[in-house]
Amino acid sequence: MPSRLLLSTAKKIREMRIRGASKIARAAAEAMVEEACSIKAASPTEFAERMRIAAGYLLKTRPTAVSLPNALEYIMVPFEKAAAQGLGIGELRTIVQSRAREFIENSLKATKMIGKLGAELLGERRVIMTHCHSMAVVSIFAEASRRGRVMLAYVKETRPRYQGRITARQLSELGVKVHLIVDSAALYYMDRVDAVLVGADAIALDGSVVNKIGTCFTAMAAVKTGKPVFVAAETYKIALKAKTGSSIPIEMRSPLEVVSNNFVRKYRGIEILNPSFDITEPAMITNIVTEAGILSPPFSHSIRKVVSELGYRIEG
Ligand code: RUB
């Protein structure tokens, strides 16, 4: 069994007290450090096995955000190499610590860089519609505000978990004027906005974007009214095993996020469906802002290019 601390982080991620793809990844990396420090193993083999168990637990918490397996692989691939070479417990522990800390640091830097590149991409576009809550998106607003631009955000509330309220609060604190709207008002207000800007949980190699349920619908409304759709995502959200969006698993969450327990008990014949994410096809996306640059269509080309420049390995 992993330590109580790791189990508690896993529970927080599962229950969405830690949420958002980049925060999930960083929390998992931090949990791996804590685990490496707390394990008292009799041999390097036992230490390695317990680290694998810990990574496995974290991996199972949420299935869609590819940032989570990518963060764990960032730590575990060199770890496994070192374990196979017969390194001692102390050295193995150091590898986990340094890789995890490096991942966290790079992740924070990447979000900041996305802010800069995204603010440039927005240019004179000041009225932006967004969905859910993405730190990459907030970073772009923060940078645009820092540059003295007066921004107005149409923030969709994002049922059933209302992450839009977090975005609304954070943008408002940045000095952005905010209109919080119900999800179904997206098309109604679309003609007043200059662009749609959303985050991502995973990006397939063809440029399909997996993000909070309702993203695709918002993108469709934007396309219908001729507005650009920008996606902000760190490169560790690229799903290196997914040629298209359809191979990325979509998390189904509890009906109790949608209706009360009483409702479920009273209307047993009603099946409540609660998919947490959807897939926006590449043809609907104008640009993807990453820390390594702004990607343009055809995404199947620009994503593979950035992946190879970064030295990431496409699998399968
Ligand atoms: C969050 C969500 C966010 C992405 C990107 O979903 O869809 O848009 O995770 O966020 P949930 P970030 O609330 O279900 O985790 O840019 O912060 O990584």
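See the structure printed just above.
Residues numbered from 1 in each chain as written. Predicted model: local features only at pLDDT ≥ 70, side-chain atom pairs only at ≥ 80, totals over all residues. Heavy atoms only, no water.

Caption draft 1: Representation of the pairing of strand 6 (residues 209-212) within the structure. Sheet topology places strand 5 (residues 202-203) next to strand 6; two bridges connect them, and they run antiparallel. Bridge pairing in strand 6 places Ile 203 opposite Val 209. The antiparallel hairpin formed by strand 5 and strand 6 contains five residues in its connecting segment, where Gly 207 sits at a positive phi of about 95 degrees. Pairing between strand 6 and strand 8 (residues 277-280): four bridges, direction antiparallel. Its bridge partner being in strand 8, Lys 212 is matched across the sheet by Phe 277. (Pairing = 2+ DSSP bridges. Helix = DSSP H or I, 4+ residues; strand = E, 2+ residues; numbered from the N terminus.)

Caption draft 2: Seen up close, the site of the ligand. Taken together, 18 residues sit near the ligand, with Arg 19, Met 135, Asn 211, Lys 212 and Lys 237 positioned nearest. Ser 22 is positioned with one of its backbone polar atoms (N or O) 2.8 Å from an oxygen atom of the ligand. Backbone polar atom of Ala 136 to an oxygen atom of the ligand: 3.2 Å apart, as the coordinates give it. Contact with the protein chains removes 100% of the 460 Å² of surface that the ligand exposes when unbound. Within the residue set of the shell around the ligand, elements represented by two or more residues are helix 2 (21-38), helix 6 (135-146) and strand 6. Classifying every residue of the shell around the ligand by side-chain character gives seven nonpolar, six polar and five charged. (Near = heavy atom within 4 Å. Polar contact = N/O pair within 3.5 Å; in protein donor to acceptor, adjacent residues only side chain to side chain. Areas by Shrake-Rupley, 256 points an atom, 1.4 Å probe, with all protein chains shown as cover. Nonpolar A, V, L, I, M, F, W, Y, C, P; charged D, E, K, R; others polar.)

Caption draft 3: Quick look at the pattern of salt bridges. This model, assessed by the stated rule, comprises 18 salt bridges. Measuring nitrogen to oxygen at the nearest pair gives 2.9 Å for the salt bridge that ties Glu 49 to Arg 52. One end of the pair, Glu 49, and the other, Arg 52, are both in helix 3 (residues 44-59), three residues apart, so they sit about a helical turn from each other. By relative accessible area, which is 39% here, Glu 49 ends up partly exposed. Since its relative accessible area comes to 32%, Arg 52 is described here as partly exposed. (Salt bridge = Lys/Arg side-chain N within 4 Å of Asp/Glu carboxyl O. Buried < 20%, exposed > 50% of the residue type's maximum accessible area, 1.4 Å probe, protein only.)

Caption draft 4: The pairing of strand 2 (residues 152-156), seen in detail. Counting buried positions along strand 2 gives five out of five residues, so the element sits mostly inside the fold. Note: strand 1 (residues 127-130) against strand 2, four bridges, orientation parallel. Residue pairing for strand 2: Ile 128 is matched across the bridge by Ala 153. Handedness of the β-α-β unit built from strand 1, helix 6 and strand 2 comes out right-handed. Examined bridge by bridge, strand 2 and strand 3 (residues 177-181) share five bridges and lie parallel to one another. (Right-handed = clockwise from strand over helix to strand, strands pointing away.)

Caption draft 5: Structural detail: the side chain of Asp 183. If you trace the backbone, Asp 183 turns up in the loop between strand 3 and helix 8 (186-190). Among buried Asp, Glu, Lys and Arg side chains, Asp 183 stands out as unpaired, with Lys 156 the closest opposite charge at 4.4 Å. Polar contacts involving the side chain of Asp 183 include one to the main-chain amide nitrogen of Arg 159, which spans 2.8 Å. (Lys, Arg positive; Asp, Glu negative; His and termini not counted.)

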